[in-house]
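So you can see what is in the structure, the chains are spelled out below.
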Amino acid sequence: MAEDQVTFRDLGLSEEILRALEEKGYGYPTRVQAEAIPPLMAWKDVIAKAPTGTGKTFAFGIPMIEHTDAESEELQSLVLAPTRELAIQICDELRSLLTYRKGIRVAVVYGGQRIETQLKALQKKPQIVVATPGRLMDHYRHKNLRLDRIQTVVLDEADRMLDMGFFKDVTGILDKIKNKRNMGLFSATISQEVMTVSWMYQRDEVEITVRPEAEDKPDIDQFSITCSPLAKTEMTLRLLRTLGCERTIVFCNTKHMCQRLSDDLKRAGVSVECIHGDIRQQQREKNMQAFRDGKVAVLIATDVASRGIDVDDVDVVLNFDVPEENEYYIHRIGRTGRAKKKGAAWSIIGTFPEQAKLDEIAKYSHFTIQPMKFSDEGELVACEVRKPVVRRKYR
């Protein structure tokens, strides 16, 4: 059956899940969902490589919920995530699927929040827990939860989690889950560490690869615009006002720049908040929720938070700073163009090294990034791309 003919009903899901999906406006599964849900429903191990924004959470979350025994108070499923923002996002998405499935409780535990708050959630006997590795181990050592009855374990954004130094914590957790029936590894890239974990803990795994050039690739127009380094804030403000978008995410490379830009834009009358590592977790969650609810039009973030931002209708991603890594650029712009909607990404170039870096990103990722400028009339117009002049050598 061709992918465009597959519906969620074809995947044999329960009426409760189908109703929840229909209510959320999802009629057709993405490629990773269509390929991962059947083997996970059959209790098989899965290792899936798919670009960000292709629906990985539902790919593992739906089978997880379908397998959950609502009558039992045992912890039956565990999702490990690298950051608190991503853990919160996964928990919210799983709960959104439970509108018509009563008796299933989902708890989220992560560093930066008081352990007492999480302890109350765990005392309600959730069947599904979403966690960052360090905080999960804290709760395990304090005997706040048991891992021996878990049937399904999923590592989301496995590459980032293992790259962040959680390899020992993750393998320590997996060693304690003695009776699991299946395991999912979901990742944007398959690193050597991911392959090692797969080799150690998976058996006869189903391998799924959704390539960026597949139709699930986000539809994103990419642009760049050049100004002097000192005019970047002014250019950001001009772009925000010219584009007139309802929801924009701006990325900076440092916490200091993130906060400074937020303060400058607020003084200019922009509805803006920011999230970065120096902001208390409670305030970060409050700022993120205000952005989700449409109470704030612009969210400024560092790369640490980029994978934890899950808003389907972001109009534009704006790179105030060109990211230092190629992968960061892909993760940043992946916040727009989601749920089969068209998106746009803009990068502000202030120096020659930034231009060189963006050129490298475009070449590495096979992207077309169109240079733009403001015309004398104040309109955004395309720049003519000049080809390099080949000079003859005379002897």
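Residues numbered from 1 in each chain as written. Predicted model: local features only at pLDDT ≥ 70, side-chain atom pairs only at ≥ 80, totals over all residues. Heavy atoms only, no water.

Further remarks concern the sheet that holds strand E14 (residues 369–374). The strand order across the open sheet formed by eight strands is E10-E11-E9-E12-E13-E8-E14-E15, and the pairing between neighbours is mixed. Only two strands of the sheet have a single neighbouring strand rather than two, namely strand E10 (272–275) and strand E15 (380–382). Between one strand axis and the next, the sheet turns through 30 degrees on average, direction left out of account. Here eight bridges tie strand E8 (residues 219–226) to strand E13 (residues 342–349), and the two strands are oriented parallel to one another. Residue pairing in the sheet places Ile 225 in a bridge with Ile 348 of E13. Sheet strands touched by helix H11 (residues 281–292): strand E9 (248–251), E10 and strand E11 (298–301). Its angle to E10, the strand with the most contacts, is close to 135 degrees. Of the strands in this sheet, E8, E13 and E14 are in contact with helix H13 (residues 352–365), which crosses E13 at around 145 degrees. (Pairing = 2+ DSSP bridges. Helix = DSSP H or I, 4+ residues; strand = E, 2+ residues; numbered from the N terminus. Axes fitted to C-alpha atoms, helices over the stretch in contact; angles between N-to-C directions. Contact = heavy atoms within 4.5 Å.)

Now for unusual backbone geometry. Positioned with a positive phi, Lys 125 is a non-glycine residue whose angle comes to about 60 degrees. Turning to its location among the elements, Lys 125 is positioned in the loop between helix H5 (115–122) and strand E4 (128–131). Non-glycine residue Lys 143 carries a positive phi angle of around 60 degrees. By secondary structure assignment, the location of Lys 143 is in the loop between helix H6 (133–141) and strand E5 (152–156).

Turning our eyes to something else, we now look at the sheet that holds E5. Each strand in a sheet pairs with another by means of backbone hydrogen bonds, the pair being arranged parallel or else antiparallel. Spatially, the seven strands line up as an open sheet ordered E3-E4-E2-E5-E6-E1-E7, and their pairing is parallel. Here the strands that pair on one side only, and so sit at the sheet edges, are strand E3 (106–109) and strand E7 (206–209). On average, each strand axis in the sheet is tilted by 15 degrees relative to the strand beside it, whichever way the strands run. Relative to strand E6 (residues 182–187), E5 runs parallel, the two sharing five bridges. Note that in E6 the partner of Leu 155 across the bridge is Leu 185.

Take the packing of helix H4 (residues 84–96) against H11 next. It is the contact of H4 with H11, at a shortest axis distance of 12 Å, that shows an interaxial angle of 50 degrees. As judged from the angle between their axes, H4 and H11 are oblique. Crossing geometry of H4 relative to H11 is assigned as right-handed. Between H4 and H11, the residues in contact are Arg 84, Glu 85, Ile 88 and Asp 92 and Gln 281, Arg 284, Glu 285 and Arg 292, respectively. In terms of residue class, the contact of H4 with H11 is made up of one nonpolar, one polar and six charged. (Parallel < 35°, antiparallel > 145°, perpendicular 65-115°, else oblique. Left-handed = near helix turned anticlockwise from the far one by under 90°. Nonpolar A, V, L, I, M, F, W, Y, C, P; charged D, E, K, R; others polar.)

Let us look at the pattern of salt bridges. Considering all chains together, one arrives at 16 salt bridges under this definition. Here Asp 148 makes a salt bridge to Arg 146, at a shortest N to O gap of 2.7 Å. For Asp 148, a relative accessible area of 25% puts it in the partly exposed group. Each of Glu 74, Arg 146, Asp 148 and Arg 149 takes part in salt bridges that share partners, so that together they form one network. (Salt bridge = Lys/Arg side-chain N within 4 Å of Asp/Glu carboxyl O. Buried < 20%, exposed > 50% of the residue type's maximum accessible area, 1.4 Å probe, protein only.)

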